[in-house]
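A structural walkthrough
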Amino acid sequence: MFVPAGVGGWSLLLCLSSAERSCLRKISFSHLQPQQMVNLLPELMEAFSDVGGGLCQFISRSHLTGSDLPMRPHSCGSTNQELPEGVDSHSPVGALPPGVVAMVNVYILVTSSNPLTSFMHDTSIVTTNQGQRGRAIKLRDFLLQQLGPKPSHDALMQVKRVIGKVLQVAVSASQKRESPNRCVLCYQLMTFTLQFGSSITPVVVQVDLDLKFSALSDDTFDRQITKDLILEDSLHFLLSSQTHLSSDTQAEVKQYDGCRGTLGVCLNEEELLLLLQFQHQMKTPSSFTLLYPSSSSSSSSSSSSAPLGISDLLIRIVHFYELQRNHSLRSDDANEPTNQGSGLSSSQDEGSCVDPHLRQIYTDPPLALTPPFNPALKEYRAEVTFDTVMVKIRPEPVSSACRVHLDEHRGPRMANYPVGLGNSRISILVTDDTEPEPVVMTIYTVHVYRESRPSLPMFGDHVNCSFLQDCGLRVEPGRPCGLQPLTESQIPPQSCSSGHQPGRWVVPCLSCSDNRTCDWREVAWKPDGCYHPLVERPLLQDCMTGRKVLFIGDSTNRGMMYFLLEQVNSTLEDWGKAHDLLLYRNLNGGRSQVSYSYYPQFWLEKSHRPTFRQALLQLIHRSRPLVNSNMTVLVVGGVQWLNTDHLKTVREVLDREVLSNILVVVKSLGMGFHLPVDGIRSLSLKEIQQLHRDNSDIIATAKNYGYEVIDTFSITMGRYKEFLQGRCACHFHEVEKIESPTLSENTTSTTNRTRSTRTASGLSSQSAVPDTDQEAWPKALSYHVKGPVNQVYSEILLSRLCPRTRD
């Protein structure tokens, strides 16, 4: 309901289909105030009612039969949009290409039934027998693609003629019955389903008294966007053209016995309002084009002896704006721009992007943007619940001459975004694509904050509950999912003898049957029958003295490395999403060294992509000198690329390089890639279950080779929803900036600074980067690795690097 300033009561009443009956009972169409509008026209509702098994009411009550109109007699029945199997291959000139049959949903806004005025939205839903699904497209664009310029113009005129004729007959039949439920300024949105076959003249096969998008039923997001777009255009069109008579005009009408003279025509107040409203609608730029009356409509105005009526005045307005539009096209200088022309294109759709704004940002699920969306505002924030793990987003530009790309110049127009815990950022680029390289005109930013898992702080009695896997993704079908009561063992636990000891997550709850009663801040990983000792920093620093640790793997392996660096040094002052080779020489007061090689380098062409063997050999070469003992550690692994062949390669390379006695730690697979994110291959449940079996094979092979294993798959399986930023939904760590208290504190000592050198991302021969590790300059920033899941398996890594000799 919309209540404009200065207008008492309501101005625009929307009766939705879900509450249409109760809405109608509250409406007295014969007693509406002049400024009040309802989105229902009683005459149309009666004319297109479903009677006689689908026979339209106005056909059954008139002398017309179905063959007299370009529509099927049962077009008011239940929707049937099946494409016919047979088509006439001998298509006449101007028809669609041979074999092409199209079903088109056309959306009509009827703004008055007596006299009839109606407009057609430029967006339609088109389904052809050459595609499985319908698509939203401008009807003129579809016809232009299929027919070419001149025939497509004729076809569009036929669409308007056919729909206009059906509407005209329908309201004429209703007017003869003189229904008392008359609403002069009401309106109705309708859906006409047209079939194109062997002729450019379509046939009406379905008429609905509301918006229908069943052709897009396979994609509810597209359906909702199209519906919202047409509703927004309709409300903007109606509200911007709504007219009220001034007090002077009202007084003048009363003075002349309820009649205002216009070109010799006596207009009452309702008719004068309708005339003014139609004039505003004709000059209001919008996505609606005039359907009826057209300049070719039959009228008494052609006869000089016949008296003029309200319909004649409407046609004269149409003639005026059509002449003005033609003059505008010739001179490119219109005094009053209008969007009500009948051409196949408008200035909005051609040329450069001159209005680089968004008209709306559509999301699924709908995001409550703060502030509310306004084309002039470029920065927004939104919050989503813990269970919202993905958002689908599709921005719509104001001008179709502008293009929209997500994240980058050539990014998609619509995309699925994984929403990690905490803050995520979505960039929307409005671009001008007329140049070879898109030119960014405007950038909109949406910051999405995803809440942590709802937690109830512990108080009073509580029980310990455990879980292996989430019921939303049952990786092990034969094992329980969700919270289960934990049976505590009476045997005192010993320190674990391996990093892959089976275990489960444990959390205190008031009840194991309701995860909303748990204190999720206290959730912990509990191996079966043992524990992983926490390595304190002094012990870790002693244990790391003289050691070199080599990491090879993807970003999930890099997260463990940065956790190690921060724990050894107490601060992390050098961080980056490195996709190449890193060397940290001045670690632990110069007593330790860590190196890292990113693998696999998936962004390179396959022919230029280093093999695992090449990447490992380069890492070993850059980390030398190395000793053949557990003073050298190799940590290998990633989220899902690792397999048993890689472990075989590790053994072969270490044997060849005389490093067979070093400590090898295998980080196993992990959860991720489970969301249907655009541009990334997502895994089905069956594929994830196969990944779990592959993980077991990796663990067995590593044990056979005498390698340590950190089973990150089991640890991440139960908390797969708690991923952080990243399109793969596989990251369980992120690095945040920490402001140092004072600059002087950072300059007092350089012994614990974590400094690095880098090599090129490829494996081509290049000179080594000088080791300037003794350099020191004031830094006001340091970093912290956060993420409770990453912390768990990183601490297991530390416990395996520095095992206690006894408990």
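Preceding this paragraph is the structure being described.
This text gives an overview of the structure that appears in the document. (Residues numbered from 1 in each chain as written. Predicted model: local features only at pLDDT ≥ 70, side-chain atom pairs only at ≥ 80, totals over all residues. Heavy atoms only, no water.)

With that settled, consider the overall build of the protein. Helix and strand counts for the protein come out as 16 helices and 34 strands. Buried positions account for 51% of the 807 residues belonging to the protein. Taking as baseline every contact in the protein between residues at least 6 positions apart, the subset at least 24 positions apart corresponds to 71%. Accessible surface for the protein amounts to roughly 37800 Å². Of this, 50% is attributable to carbon and sulfur atoms. (Helix = DSSP H or I, 4+ residues; strand = E, 2+ residues; numbered from the N terminus. Buried < 20%, exposed > 50% of the residue type's maximum accessible area, 1.4 Å probe, protein only. Contact = heavy atoms within 4.5 Å. Areas by Shrake-Rupley, 256 points an atom, 1.4 Å probe, with all protein chains shown as cover.)

Bringing the nonpolar core into the picture now. With 54 residues, the main nonpolar core has Leu-483, Val-507, Phe-551, Met-561, Leu-564 and Val-594 as its most contacted residues. Beyond its immediate chain neighbours, meaning those up to four positions away, Phe-551 contacts Asn-557, Met-560, Met-561, Leu-564, Val-594, Ser-595, Tyr-596, Ser-597, Leu-619, Val-635 and Leu-797. Membership of the second largest hydrophobic core comes to 49 residues, among which are Val-171, Ala-173, Leu-194 and Phe-196. (Core = buried A, V, L, I, M, F, W, Y, C linked by side-chain atoms within 4.5 Å.)

This part covers the pairing of strand S8 (residues 188-196). Of all the nine residues making up S8, nine are buried; the element is thus mostly covered by neighbouring parts of the structure. The alternating pattern of S8 places Gln-188, Met-190, Phe-192, Leu-194 and Phe-196 on one face and Leu-189, Thr-191, Thr-193 and Gln-195 on the opposite face, and all of these are buried. Taken together, the nine bridges between strand S5 (residues 102-113) and S8 define a ladder with antiparallel strand orientation. Its bridge partner being in S8, Asn-105 is matched across the sheet by Thr-193. Strand direction decides the pairing type here: S8 and strand S9 (residues 203-208), joined by five bridges, are antiparallel. Counterpart to Thr-191 in the pairing with S9 is Asp-208. The antiparallel hairpin formed by S8 and S9 contains six residues in its connecting segment. (Pairing = 2+ DSSP bridges.)

Further remarks concern the packing of aromatic side chains. Working definition: an aromatic ring pair is given by the centre-to-centre distance plus the angle between the planes. Applying the stated criterion across every chain yields a total of 14 aromatic pairs. For the ring pair Tyr-599 and Trp-641, a centre distance of 5.0 Å and an interplane angle of 70° mean the geometry is edge-to-face. You can see Tyr-599 sitting in the loop between strand S28 (592-598) and helix H12 (612-623) and its partner Trp-641 sitting in the loop between strand S29 (632-637) and helix H13 (644-656), a full 42 residues away along the chain. Given the relative accessible area of 12%, Tyr-599 is considered buried. Among the aromatic side chains, those forming a connected cluster through ring pairs are Phe-119, Phe-237, Phe-278 and Phe-288. Lying over the aromatic face of Phe-723, Arg-450 brings its terminal NZ or CZ to 5.3 Å of the ring centre. The cationic tip of Lys-667 hangs over the ring face of Tyr-793; the distance from NZ or CZ to the ring centre is 6.0 Å. (Phe/Tyr/Trp six-rings, centres within 6.5 Å; stacked < 30°, edge-to-face > 60°. Lys NZ or Arg CZ within 6 Å of the ring centre and 35° of its normal.)

Take the side chain of Lys-548 next. Within the secondary structure, Lys-548 is located in strand S26 (residues 548-553). Look at Lys-548 and you get buried, because its relative accessible area is 16%. A distance of 2.5 Å separates a polar side-chain atom of Lys-548 from the backbone oxygen of Pro-625. In this structure, Lys-548 is in contact with Gln-593, Ser-623, Arg-624, Pro-625, Leu-626, Met-631, Thr-632 and Val-633, ignoring residues within four places of it in sequence. (Polar contact = N/O pair within 3.5 Å; in protein donor to acceptor, adjacent residues only side chain to side chain.)

Here we take up the sheet that holds strand S14 (residues 379-384). If you walk across this open sheet you meet the four strands as S14-S19-S18-S16, and the pairing is mixed. One side of each edge strand has no neighbouring strand; the edge strands of this open sheet are S14 and strand S16 (403-406). Strand-to-strand twist of the sheet, defined as the mean angle between neighbouring strand axes without regard to direction, takes the value 25°. Examined bridge by bridge, strand S18 (residues 422-432) and strand S19 (residues 439-450) share 11 bridges and lie antiparallel to one another. Bridge pairing in S19 links Ser-427 to Thr-445. (Axes fitted to C-alpha atoms, helices over the stretch in contact; angles between N-to-C directions.)

All right, on to the state of the cysteines then. A full pass over the atoms with the stated rule returns seven disulfides. Here Cys-509 pairs with Cys-518 through a disulfide, and the sulfurs are 1.9 Å apart. Taking the sign of the S-S torsion, about 95° here, the bridge from Cys-509 to Cys-518 comes out right-handed. Note on cysteine connectivity: Cys-728 is disulfide-linked to Cys-730, with sulfurs 2.0 Å apart. As the torsion about the S-S bond is roughly -70°, the Cys-728-Cys-730 disulfide counts as left-handed. Relative accessible area serves as the criterion here: at 10%, Cys-728 is assigned to the buried category. (Disulfide = S-S within 2.5 Å.)

With that settled, the discussion passes to the pattern of salt bridges. Scanning the model with the defined rule gives 22 salt bridges in all. A salt bridge links Asp-154 to Lys-150; the nearest nitrogen and oxygen atoms lie 2.8 Å apart. Of this pair, Asp-154 and Lys-150 both sit in helix H5 (residues 149-176), four residues apart, which is roughly one turn of that helix. Of the residues examined, Lys-150 reaches a relative accessible area of 55% and is grouped as exposed. Its salt-bridge partner being Arg-521, residue Asp-519 comes within 2.9 Å of it at the nearest N-O pair. By relative accessible area, Arg-521 is classed as exposed at 58%. Look at the salt bridges and you will find they share partners, linking Asp-122, Lys-138 and Arg-140 into a network. (Salt bridge = Lys/Arg side-chain N within 4 Å of Asp/Glu carboxyl O.)

Okay, the environment of Ser-198 next. Inspection of the secondary structure assignment puts Ser-198 in the loop between S8 and S9. Sequence spacing of Ser-198 and Val-101 is 97 residues, and the spatial spacing of their C-alpha atoms is 7.9 Å.

A word on the sheet that holds strand S21 (residues 484-485). Overall, antiparallel pairing links the four strands, which are arranged S21-S20-S23-S24 in an open sheet. Unpaired on one side and paired on the other, S21 and strand S24 (524-527) mark the two borders of the sheet. Bridge count for strand S23 (residues 503-509) against S24 is four bridges, and the pairing is antiparallel. Residue pairing across strands places Val-506 opposite Ala-524, the latter belonging to S24.

This part is about the side chain of Asp-233. Tracing the chain through its elements places Asp-233 in helix H6 (residues 220-240). Within the structure, the side chain of Asp-233 is placed 3.4 Å from the side chain of Ser-287, a separation counted as a polar contact. Here Asp-233 is in contact with His-121, Ser-287, Phe-288 and Arg-359, once residues within four sequence places are set aside.

A cis amide bond links Asp-364 with the next residue in sequence, Pro-365, at an omega value of 0°. In this structure, Pro-625 follows Arg-624 across a cis peptide bond, with omega equal to 5°. Relative to the assigned elements, Pro-625 resides in the loop between H12 and S29. For Ser-570, which is not glycine, the phi dihedral falls at a positive 75°. Considering the arrangement of structural elements, one finds Ser-570 in the loop between helix H11 (555-569) and strand S27 (581-587).

Look at any regular strand and the pattern is simple: side chains alternate between the two faces of the sheet. Counting buried residues along strand S30 (residues 663-667), five of its five residues qualify, which places the element largely inside the surrounding structure. Of the two faces of S30, the one carrying Leu-663, Val-665 and Lys-667 and the one carrying Val-664 and Val-666 are both buried. Assessed by its sense of winding, the connection that carries the chain from S29 through H13 to S30 is right-handed. In terms of strand pairing, S30 meets strand S31 (residues 708-710) through three bridges, oriented parallel. Note that in S31 the partner of Val-665 across the bridge is Glu-708. In this view, the connection linking S30 to its parallel neighbour S31 by way of helix H14 (residues 685-704) has right-handed handedness. (Right-handed = clockwise from strand over helix to strand, strands pointing away.)

Turning next to helix H4 (residues 139-147). When we look at burial in H4, the residues that qualify are Leu-139, Arg-140, Phe-142, Leu-143 and Leu-147. Projection of H4 onto a plane perpendicular to its axis shows the buried side chains occupying an angular sector of 160°, all on one side. Directly beyond the C-terminal end of H4, a positive phi value near 100° is found at Gly-148. (Arc of directions from axis to C-beta.)

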